[in-house]
Amino acid sequence: MDTTCSKGSNTFLITLPAVRRNQSVTLGYRFNQAKVEYARVTIKPVKPWTINFVQHAHTDIGYTRPQSEILSEHQRYIDYALDYCDLTDTFPDEARFRWTCESAWVVKEYLKSRPAAQIERLRQRIREGRVEVTGMFCNMAETADENLMTDFLRPMGQLVNSGIPITTVMQNDVNGIAWSMPDFFKHTSVRYLNMGINKTRSLLPFEIPTCFWWESPSGERLLAFRADHYMTGNFMGLESQKIKTEKLLNHLAKLDEAGYPFDKIAIQFSGYYTDNAPPSTAACRLIKEWNEKYTSPKLKLSTASDFFSYVEKKYGSTLPIYRKAWLDWWTDGVGSASRETAETRKTQNLKNVDEGLLSMVLMNGQPIPEKWQEQTDHIAENAIFYDEHTFGADESIDHPYSENTTKQWLQKGSYAWEATKMQTLLHETSLARLQPNFAKAEQPVIWVINSLGWSRSGTLRLFVDSEVLPLNQHIRIVDMISGAEVPAQMIRKRAEGAYWEFSVDDVPAMGAKPLMIERISNAREQVKAESSTEKLENKFYRIVLDKSTGCIASLYDKELQKELVDGNNPWKAAQPIHETMDNRDSYKTTHETLSHVKMESGIEGEVWKSIKLAATLKGMGDQGIQVEIRLYNHLKKIEMRYFADKSILTNPEALYVAFPFAMKQGRIVFETIGGTLSQGEQLPGSSTDWNAAQSFVAIRGQDGQIVITSNEIPLWQFSDLNMGKFMAHPSQGNTTLFSWVMNNYWFTNFRAYQEGGFSWSYAITSSRDTTNTFAIKFGKGENSMLVGRALPAAKSTMHPGMLKTLVKTGDENVVMINARPGTSTGSIRLHLREVDGKIGSISFSNHNQKMPLREINLMDALGRKIEAVSNPIKFNPYEVKFVEIQL
């Protein structure tokens, strides 16, 4: 045959008769008019391949077109899919049109918008196996928290309750998934996980598509398939006029050479060569023609679960098992929108608080708003749409100021602000519903509320009107339970009042305690004393600042009797670092740190003392970087607060804060969604260069641990600044932490620049206690903080005592992740997790004896009853349970 060659590697299709055993043949070839060359080639018996081609749209919320256009289009696609099923009913079974709905949210909206007859058409095709609905809301990044991921399953629950079967979940494009998912699908019909990974700016787990049992920390499992790219079938021409035979066969040959163990494989494709693709019947005709011409490989249009059923039945008992986190490479993109990412993260934490407050209302036998679930669903939906992996237009970097880029970012960012707005309103509603339980007094009272599942001490930050807490009088805040004076510190004031911070001890779990505001006499306004500009010290820590760099030179823990800063590290503690790259492909980086550092006196207050500094840094505007380091007087806690005046720059850049901590035999430990792991303990090929942390990152050693958390910044790099390393097989490194505040390193989808003022913070503690329980409670306690309600002076209804509701007794290593109103009237649902790898046992009661616990039921994550249980509730290591308590 004569053909044309191009420069580089060339692939040619040469057809030969099939053989039953290995056979050598000689092939001759020549270039142009040169002499014929010969090569011996071994022809091997052909594996009886079957390819299941799975057609789906690939749901990007935006990217190809603005979100307002594309969201509704996905519903229309289902209409077309049903028509295409009708159109191909007379085709051979293998060539009949089939469609897999990748997003449960789309199907939920479809059921709300279509007439009954059209919905019945869909149900009929689902029963026939021509259409399959999968369980994921959408394709997610790793910024959602564990609680929001239960809301993520709400559409699936609604579909299952309507009679639509779901056995499979799909996560396409994104290259990681929340480790909580095997636990969340326990007791449901979901058994299979399809990961159609896009390798762009990432690595792939395993050299070839691989099936394995993927386990959560507790041992719950899903049959997972690390598939090829979600449009691999399009690379073979499935949506076109002709199958690219050489590419299809070459793909199978490479699988054979690499040791792919099965004679069947699932390959995904879309009806058009684009994301957000409508369905198409092109593949139906192509597969019909192929199967009429060839006996092998056999091509078949399929839904997603068909391949899994085959693997589970034939190979399920021999598949490898991985109890490892599957960490996502693409979550780094959320650092291109630090402000909205921070607001969404804070909103998720406030949502957790408010659901606890509403649970407390129910525990006292009082009603909650009838539409609380609708409000929460709206908030969760917007937070999920923000956390979803599609951030903006495909042209967002090449054309950062184009109309399409601008429209898509404004719509994407609006999800964060809508969630924030509505959660703020629900917060006021939740406090108002709880307020009838707060007694008043002849002097103003502040009720301090703890919505979490353990008793805690901490600080309350609250805005209080001047008439309630006057600024021009001597006042004293008294704990009405202990009688002790409560440290109080004004942060900043306004015309009508001031922001205050109070240091409060022993607020009961899911309870509250009152503080009395006592006016002593008329006096001058409270004066804040100035602190040192070089050193902060209390009974827990001694902090020494380096005035030349603006960084922490020493952090000494007096209880542990240890220096916590690695003095030999080239990076300094609390040091901002600006990073630039020559271009987005080279990963060649340069770094600059603070200059023109100006140390300023901080505040010497009753709650905390501080040191402030201002400095210039590349990439920042006139106000540069401002830092305040706060040392708390009565808590073992340090807070670091940063402000950056960001200039608009579209060249690739990033901002970090370094924390070179040290512990003897130390290792880095962090919490991901649904579990805790040490650095490197993850699925090989999953994200190593950076990770998203949930409630904490810790340096854990022989003698204790250092715990750090941020309510705003999820991204971290461990041991080094890692851009461009792409480490396939990570291991423990040194214990330097780099908080990754912002970046614009992507070449598409994410933002090209950030602008204006942005504030963020870190809370740090240390302890001899090296458990996950300690670290998680510190992190969650800082991010889901104590909240308060200030009541003006009124006719006294005060009686001594605290407000207590749900009482949990038993092992501390079983942590209450969330409490929220339950699925049935007058119930609350608890999300519980054993966090230290031990056996655990807990019991519940209601402090309000007028509202005893009538029934305790074990639920699935969808809110369906599994069985009745009773105290004590037992936990295996790392086990997750959802429990509903009927009052």
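Everything here concerns the structure above.
In short, a report on the structure. In this convention, every chain numbers its residues from 1, walking through the sequence in written order. pLDDT decides what is reported in this predicted model: residues at 70 or higher carry local features, side-chain atom pairs at 80 or more are listed and counted, and totals for whole chains, interfaces and linings draw on all residues regardless. Note: side-chain values were computed over all heavy atoms of the structure, leaving out hydrogens and water.

Observations concerning the sheet that holds strand 29 (residues 653-660)
Stated formally: For two strands to count as paired, DSSP must find a minimum of two bridges between them. Every helix listed is a DSSP run of H or I at least four residues long, and every strand listed is a run of E at least two residues long, numbered separately from the N terminus.
Spatially, the six strands line up as an open sheet ordered 24-23-29-36-35-32, and their pairing is antiparallel. This sheet does not close on itself; its edge strands, each paired only once, are strand 24 (589-592) and strand 32 (691-692). Bridging between strand 23 (residues 575-581) and strand 29 involves six bridges; their strand directions are antiparallel. Bridged to I577 within strand 29 is Y656.

Some thoughts on the sheet that holds strand 46 (residues 873-875)
The criterion, for reference: Fitting a line to C-alpha atoms yields each axis, with helices limited to the stretch in contact; the angle taken between N-to-C directions then spans 0 to 180 degrees.
If you trace the three strands from one edge of the open sheet to the other, you get 40-43-46, paired in antiparallel fashion. Looking at the sheet topology across the chains shown, the edges are occupied by strand 40 (806-810) and strand 46. Ignoring strand direction, the axes of neighbouring strands in this sheet form an average angle of 30°. Sheet analysis places strand 40 next to strand 43 (residues 840-846), joined by five bridges and oriented antiparallel. Within strand 43, the residue paired with K808 across the bridge is F844.

A short note on a nonpolar patch on the surface
Put simply, the test is: Any residue with relative accessible area above 30% and no salt bridge may belong to a patch, with like charges joined within 9 Å and the nonpolar Val, Leu, Ile, Met, Phe, Trp and Tyr side chains within 5 Å. All accessible areas in this document rest on Shrake-Rupley with a 1.4 Å probe, and a residue is counted as covered only by the protein chains that are shown. A pairing counts as a salt bridge when a side-chain nitrogen of Lys or Arg comes within 4 Å of a carboxyl oxygen of Asp or Glu. Under the scheme applied here, a residue whose accessible area is under 20% of the maximum for its type counts as buried, over 50% as exposed, and between as partly exposed, the area being computed with a 1.4 Å probe on protein chains only.
A grouping of F12, I14 and L16 is seen on the molecular surface, where their side chains present a nonpolar patch of about 270 Å² in accessible area. For L16, the position within the fold is in the segment before strand 1 (23-29). Residue L16 is classed as partly exposed on the basis of its relative accessible area, which comes to 44%.

Considering helix 3 (residues 116-128)
Note that an α-helix has 3.6 residues per turn; residues three or four places apart therefore point the same way. Put simply, the test is: What a helix should span is 1.5 Å times the count of its residues minus one. We call two residues in contact when some of their heavy atoms are within 4.5 Å.
Taking 1.5 Å per residue as the helical rise, helix 3 with its 13 residues ought to reach 18 Å, and the 18 Å between its terminal C-alpha atoms agrees with that figure. Buried residues along helix 3 sit in contact with helix 1 (67-87), helix 2 (104-113) and strand 5 (131-133). Positive phi shows up at G129, right after helix 3, with a value of about 85°.

Remarks on the packing of helix 11 (residues 338-363) against helix 12 (residues 372-387)
Quick reminder of the rule: Here roughly perpendicular refers to angles of 65 to 115 degrees, roughly parallel to angles under 35, roughly antiparallel to angles over 145, and oblique to all remaining angles. If you view the pair so one helix is near and one far, a crossing is left-handed when the near helix is turned anticlockwise from the far one by less than a right angle, and right-handed when it is turned clockwise. Lys, Arg, Asp and Glu make up the charged group, whereas Ala, Val, Leu, Ile, Met, Phe, Trp, Tyr, Cys and Pro make up the nonpolar group; the residues left over, Gly among them, are polar.
Relative to each other, helix 11 and helix 12 sit at 155°, their axes nearing to 10 Å. Taken together, the axes of helix 11 and helix 12 are roughly antiparallel relative to one another. Seen along the crossing, helix 11 lies across helix 12 with a hand that is left-handed. Residues E340, T341, T344, T347, Q348, K351, E355 and L358 of helix 11 lie in contact with helix 12, whose contacting residues are W372, T376, I379, A380, A383, Y386 and D387. Of the residues contributing to the contact of helix 11 with helix 12, the split by class is six nonpolar, five polar and four charged.

Thoughts on the nonpolar core
The nonpolar side chains of a soluble globular protein tend to be buried, and buried together. Definition in use: Residues belong to a common nonpolar core when they are buried Ala, Val, Leu, Ile, Met, Phe, Trp, Tyr or Cys residues joined through side-chain atoms within 4.5 Å.
In terms of nonpolar packing, the biggest core is built from 186 residues, with F53, M181, W760 and Y762 touching the most fellow members. Considering each element in turn, this core owes the most residues, eight residues, to helix 1. Those residues in contact with W760 that lie beyond four places of it in its chain are I625, M640, R641, Y642, F643, A644, L655, V657, E712, I713 and V741. By size, the runner-up hydrophobic cluster in this structure holds 39 residues, among which are L357, V445, V478 and V787.

Describing the pairing of strand 6 (residues 168-173)
Two faces belong to every sheet, and in a regular strand the side chains alternate between them. For strand 6, a buried count of six out of six residues is recorded, marking the element as mostly surrounded by other parts of the structure. By the bridge criterion, six bridges tie strand 6 to strand 7 (residues 192-197) in an arrangement that is parallel. Bridging from a neighbouring strand, T168 pairs with Y192 of strand 7.

Concerning the side chain of T150
Going by this rule: Here a polar contact is taken to be a pair of N or O atoms separated by no more than 3.5 Å, where protein atoms must pair a possible hydrogen donor with a possible acceptor and residues adjacent in sequence count only if both atoms sit in side chains.
Take T150: it is sitting in helix 4 (residues 148-151). A polar atom in the side chain of T150 sits 3.4 Å from the side chain of R820. Those residues in contact with T150, other than ones at most four positions away along the chain, are F184, R820, R829, H831 and F882.

Brief notes about the side chain of N234
Assignment of secondary structure puts N234 in helix 7 (residues 232-235). What makes N234 buried here is its relative accessible area of 1%. At 3.2 Å, the side chain of N234 and the side chain of E239 are in polar contact. Look past the residues within four positions of N234 in its chain and what remains in contact with it is E239, F269, S270, Y272 and Y273.

Comments concerning the packing of aromatic side chains
Put simply, the test is: Side-chain rings of Phe, Tyr and Trp (the six-membered ring for Trp) are treated as a pair once their centres are within 6.5 Å; stacked means planes under 30 degrees apart, edge-to-face means over 60, and tilted covers the remaining angles.
Under the definition given, this model contains 53 aromatic pairs. Taking the centre distance of 5.4 Å and the plane angle of 80° together, the rings of Y260 and F262 count as edge-to-face. By the burial criterion, Y260 is buried, and F262 matches it. On the basis of an interplanar angle of 15° and a centroid distance of 5.0 Å, the ring pair of F438 and W447 is categorised as stacked. Using a relative accessible area of 4% as the deciding quantity, one classes F438 as buried. Given the relative accessible area of 2%, W447 is considered buried. Feature note: the residues W49, Y192, F225, Y260, F262, F307, F308, Y310 and Y315 constitute an aromatic cluster, connected by ring pairs.

Observations regarding empty space enclosed by the protein
Formally: Cavity and pocket criteria rest on a 1 Å grid covering protein atoms alone: a 1.4 Å probe that fits but cannot get out defines a cavity, protein on both sides within 12 Å along at least 5 of 7 lines defines an open pocket, and an atom within 4 Å of a point defines a lining residue. Grid points are joined across faces, edges and corners, and a volume is the space filled by probe spheres set on the points.
Under the defined criterion, the tally for this structure stands at twelve cavities of 30 Å³ or more. Here the largest cavity is characterised by a volume of approximately 200 Å³. In this structure, the largest cavity is lined by 17 residues; those nearest its centre are D145, N349, Q694, S695 and K780. Counting only elements with at least two residues in the lining of the largest cavity, the list comes to helix 11, strand 30 (667-672) and helix 14 (772-783). With four residues, the top contributor of residues to the lining of the largest cavity is helix 11. By residue class, the composition of the lining of the largest cavity is one nonpolar, eleven polar and five charged.

Quick look at the environment of L357
Relative to the helices and strands, L357 is located in helix 11. Spatially, the C-alpha atoms of L357 and S595 are 46 Å apart, while their sequence positions differ by 238 residues. In contact with L357, not counting residues within four places along its chain, are H427, S430, L431, L434, I449, S451 and V787.

Focus on the pattern of salt bridges
Enumeration over the complete set of coordinates arrives at 59 salt bridges. We note a salt bridge from K562 to D703, for which the minimum N-O separation is 3.0 Å. On the criterion of sequence distance, the pair formed by K562 in strand 22 (residues 562-563) and D703 in the loop between strand 33 (697-700) and strand 34 (705-709) is long-range, its members being 141 residues apart. A relative accessible area of 25% places K562 in the partly exposed class. Given the relative accessible area of 24%, D703 is considered partly exposed. Across the pair E671 and R833 runs a salt bridge, and its minimum N-O distance is 2.7 Å. With E671 in strand 30 and R833 in strand 42 (residues 827-834), this pair connects stretches of sequence that are 162 residues apart. Owing to a relative accessible area of 1%, E671 belongs among the buried residues under this scheme. Using a relative accessible area of 3% as the deciding quantity, one classes R833 as buried. Each of the salt bridges in this network shares a partner with another, and the network as a whole consists of D83, D86, D89, R121, R125, E128 and R130.

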